[in-house]
Amino acid sequence: MLRVGIVDDHPVARRGMAAVLGDDPGFEVVASVARTADLPDPASLDVVLCDLYLGEGRPSVPEVRDLAARTHVLVVSAASQPADVLACVAAGAAGYLTKDSEDELFGEAVRTVAAGGFYVSPHLADVVRSAAHSAESRDGPLLTVREEEALGWIAKGLTHAQAARRMGVATSTVDTYIKRIRARLSLGNKAELVWFARNLAEGGRADPPAR
């Protein structure tokens, strides 16, 4: 059973997400709170669903970054601008789901993120992929072949250790690849867009290169 935390400053939204996940025996909603500070130890949770705006008039990117250092974060928001999605991904979020998504997508997204994969609402994929491909065609590819391969396996839901076994390298090497990619991300620049494009291939998951 996956242990899930919900952070949203709107009580109705919290209750709605808790109800959707509560209908699935594979999830246990451990906490449903208005602030990230009110969560139990994030490291004890498999996934935290976090709203993008938490009543302070600014995106909760710092909160996402802090949570992502300790657990998997799935941002759930009414906002659907590519810049919002990219900002959260750059902060370490493992997924972005809009609040108008169908109920079954919530379960799919949580499971994907909990398994170490990446998930984005399908209707956002084309918009962000278009921007990413535009940047890539203008500036050329940024990632090395091995970085793309590691990222592809992670996007398919494999853990770093599983990806390392597929690639025939140490887990620490995959850790380095992913850290190197994340270090290059800066909202709106080519590095961030190309990284996102790789993860959005095939409607939200990037396949690794053929071996």
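Everything in this summary refers to the structure shown in the same document. (Residues numbered from 1 in each chain as written. Predicted model: local features only at pLDDT ≥ 70, side-chain atom pairs only at ≥ 80, totals over all residues. Heavy atoms only, no water.)

1. Let's talk about the side chain of arginine 14
Okay, so step 1: Checked against the element boundaries, arginine 14 lands in helix H1 (residues 11-22).
Okay, so step 2: Of the side chains with opposite charge, aspartate 8 comes closest to the buried, unpaired arginine 14, at an N-O distance of 5.7 Å. (Helix = DSSP H or I, 4+ residues; strand = E, 2+ residues; numbered from the N terminus. Buried < 20%, exposed > 50% of the residue type's maximum accessible area, 1.4 Å probe, protein only. Lys, Arg positive; Asp, Glu negative; His and termini not counted. Salt bridge = Lys/Arg side-chain N within 4 Å of Asp/Glu carboxyl O.)

2. What about the nonpolar core?
Okay, so step 1: Counting residues in each nonpolar core, the largest one holds 25 residues, and the members touching the most others are Val7, Leu39, Val48, Cys50, Val64, Val75 and Tyr96.
Okay, so step 2: No other element matches the 4 residues that helix H3 (residues 82-90) contributes to this core.
Okay, so step 3: When residues no more than four places from it in sequence are discounted, the contact partners of valine 7 are Val33, Ala34, Arg35, Thr36, Leu39, Val48, Leu49, Cys50, Asp51 and Leu54.
Okay, so step 4: Judged by nonpolar contacts, the second largest core, of 18 residues, contains Ile6, Leu105, Ala114 and Tyr119. (Core = buried A, V, L, I, M, F, W, Y, C linked by side-chain atoms within 4.5 Å. Contact = heavy atoms within 4.5 Å.)

3. Topic: the pairing of strand E2 (residues 27-33)
Okay, so step 1: Judged from the 6 bridges that link them, strand E1 (residues 2-7) and E2 form a sheet pairing that is parallel. Within the sheet, the bridge partner assigned to arginine 3 lies in E2 and is glutamate 28.
Okay, so step 2: Crossover handedness for the path E1 to H1 to E2: right-handed. (Pairing = 2+ DSSP bridges. Right-handed = clockwise from strand over helix to strand, strands pointing away.)

4. Brief notes about the packing of H1 against helix H4 (residues 103-114)
Okay, so step 1: Between H1 and H4, whose axes approach to 9 Å, the crossing angle comes to 75 degrees. On the basis of their axis angle, the class for H1 and H4 is roughly perpendicular. Contacts between H1 and H4 involve Met17, Val20 and Leu21 on the former and, on the latter, Asp103, Phe106 and Val110.
Okay, so step 2: When grouped by side-chain class, the residues that make up the contact of H1 with H4 number 5 nonpolar, no polar and 1 charged. (Axes fitted to C-alpha atoms, helices over the stretch in contact; angles between N-to-C directions. Parallel < 35°, antiparallel > 145°, perpendicular 65-115°, else oblique. Nonpolar A, V, L, I, M, F, W, Y, C, P; charged D, E, K, R; others polar.)

5. Remarks on the state of the cysteines
Okay, so step 1: All chains considered together, the criterion is met by 0 disulfides.
Okay, so step 2: Unpaired in this structure, cysteine 50 has its nearest cysteine sulfur neighbour in cysteine 88, at a distance of 8.2 Å. (Disulfide = S-S within 2.5 Å.)

6. Topic: the pattern of salt bridges
Okay, so step 1: Following the criterion strictly, the structure yields 5 salt bridges and no others.
Okay, so step 2: As a salt-bridge pair, arginine 35 and aspartate 38 come within 2.9 Å of each other at their nearest N and O atoms.
Okay, so step 3: Residue arginine 70 is joined to aspartate 66 by a salt bridge in which the shortest nitrogen-to-oxygen separation is 2.6 Å.
Okay, so step 4: Using a relative accessible area of 42% as the deciding quantity, one classes aspartate 66 as partly exposed.
Okay, so step 5: Via salt bridges that share partners, Asp8, Asp51 and Lys99 belong to a single interconnected network.

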